[in-house]
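Below, each chain spelled out in residue letters.
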Amino acid sequence: MVLTTASVPDRDKLTYWRDAMSRTLVPVTIAPGGDGPFNGRIVADTLGYLQICSMEADAKRVDRTPALIARASEAFVAVGVQVSGTATLSQDGRRAQVEAGDLVVYDTTRPYCMEYPQRFCVHVFQLPRRVLGLPDDDLMQVTGTAIGTRDGLGAALLPFLTTLAASAHTFAPTVADRLAGNVTDLLATLVAERTRPLPRYADGARTHFIRRVRDHINQHLGDPALSPESIAQAHRISVRYLHRLFEGEGITVGRLIQQRRLEECVRELARRGRRAPSVSAVALRWGFVSPAHFSRAFRASYGLSPQQWRTLRAAEGGRTAEPAAPAEAGRALSAT
């Protein structure tokens, strides 16, 4: 089935597109992304119980609202394959920046928003949530995140889904049912890959990944937005998966961020002379949201305020040792 706005009057195109999306996928609201005329095209096919829609359209915003969800008779999970353009998916408190070649997963039983800032093309694969057989907690860890396709299961899933989108109409019903089952199995495996602990044989990969995360932290210490959430998004993994990677490190990701910030602040506070930076300047340079936040974190970790430590060091002619890291990481405040 092909649905296009080509012959629809300009004043009715958004309504037509909203109705077309609501019929082929789930009911949504649509808002234009620009002032010009809106145009779009949908090619819809079915593969057993799997609904496949290839959409090409101008900039727009799609919302799945609580009111629309309340009227739904069945729950679905959707996988989007971004073919061209970019998108931002918001669901479950997360915002995923989606580039061409990325995958995203979203659940139609909870509100979401998809924003396309320019003309785009995307394949959407929608299947009944019940066929996945996944715990709610596992699925919620994957929704609202962009999944890269350069390695892992995403690398295998992308060409498979792209081929299905182009050839779904050519398969006999028995083959279509089997292919729908394959998509379901692959999606369930993808969720498991991102929500369960790394196997023991992956210690080398785990060590390499943790090193990458530590390097990322060191390179972005001055960014107040640096957090477990931003790190997970940058590496295209879930926050829970990130925390599991650090379970054997003896420190949480949030505590590591704060510890490294404090270490850099101490190094700067030790500087002497007329050009020595102020406490406030040091705090802001290394990502603390305010001097007061910095002072609380410093005192909780080292037992002195930044100014007290600097004054004591100056009074002793710079011989005061740098404060040692606290024995109990949990005494410090959170990093954000």
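This section reports on the structure supplied with the text. (Residues numbered from 1 in each chain as written. Predicted model: local features only at pLDDT ≥ 70, side-chain atom pairs only at ≥ 80, totals over all residues. Heavy atoms only, no water.)

All right, on to the sheet that holds strand 12 (residues 146-147) then. Spatially, the 7 strands line up as an open sheet ordered 1-3-4-11-6-9-12, and their pairing is antiparallel. Among the strands making up the open sheet, the edge pair consists of strand 1 (2-4) and strand 12. Across 3 bridges, the pairing between strand 1 and strand 3 (residues 40-47) is antiparallel. From the neighbouring strand, Thr 4 faces strand 3, where its bridge partner is Arg 41. (Pairing = 2+ DSSP bridges. Helix = DSSP H or I, 4+ residues; strand = E, 2+ residues; numbered from the N terminus.)

Residues Ile 217, Ile 231, Leu 242, Phe 246, Phe 294 and Phe 298 are the most contacted members of the largest nonpolar core, which totals 33 residues. In terms of residue count, helix 9 (residues 253-269) provides more of this core than any other element does, 7 residues in total. Aside from chain neighbours lying at most four places away, what touches Ile 231 is Val 213, His 216, Ile 217, Leu 226, Leu 242, Val 253 and Ile 257. (Core = buried A, V, L, I, M, F, W, Y, C linked by side-chain atoms within 4.5 Å. Buried < 20%, exposed > 50% of the residue type's maximum accessible area, 1.4 Å probe, protein only. Contact = heavy atoms within 4.5 Å.)

Here we come to the sheet that holds strand 7 (residues 87-91). One open sheet holds the 5 strands; their spatial order is 2-5-10-7-8, and the pairing between them is antiparallel. Strands with a single pairing partner mark the edges of an open sheet, and in this sheet they are strand 2 (29-32) and strand 8 (94-98). Strand-to-strand twist of the sheet, defined as the mean angle between neighbouring strand axes without regard to direction, takes the value 15 degrees. As paired strands, strand 5 (residues 60-64) and strand 10 (residues 112-116) are joined by 5 bridges and run antiparallel to one another. Across the sheet, Val 62 pairs through a bridge with Met 114, a residue of strand 10. Across the sheet, helix 1 (residues 13-24) is in contact with strand 2 and strand 5; its angle to strand 2 comes to roughly 145 degrees. (Axes fitted to C-alpha atoms, helices over the stretch in contact; angles between N-to-C directions.)

Here we come to the packing of helix 11 (residues 291-302) against helix 12 (residues 306-315). Contact geometry for helix 11 and helix 12: axes closest at 8 Å, N-to-C directions at 65 degrees. Contacts from Phe 294, Ser 295, Phe 298 and Arg 299 in helix 11 reach Pro 306, Gln 308 and Trp 309 in helix 12. When the residues that make up the contact of helix 11 with helix 12 are grouped by side-chain class, the tally is 4 nonpolar, 2 polar and 1 charged. (Nonpolar A, V, L, I, M, F, W, Y, C, P; charged D, E, K, R; others polar.)

Structurally, the position occupied by Pro 27 is in the loop between helix 1 and strand 2. Sequence spacing of Pro 27 and Arg 64 is 37 residues, and the spatial spacing of their C-alpha atoms is 7.2 Å. Those residues within four positions of Pro 27 in sequence are excluded, and the remaining contacts are Ser 22, Arg 64 and Leu 68.

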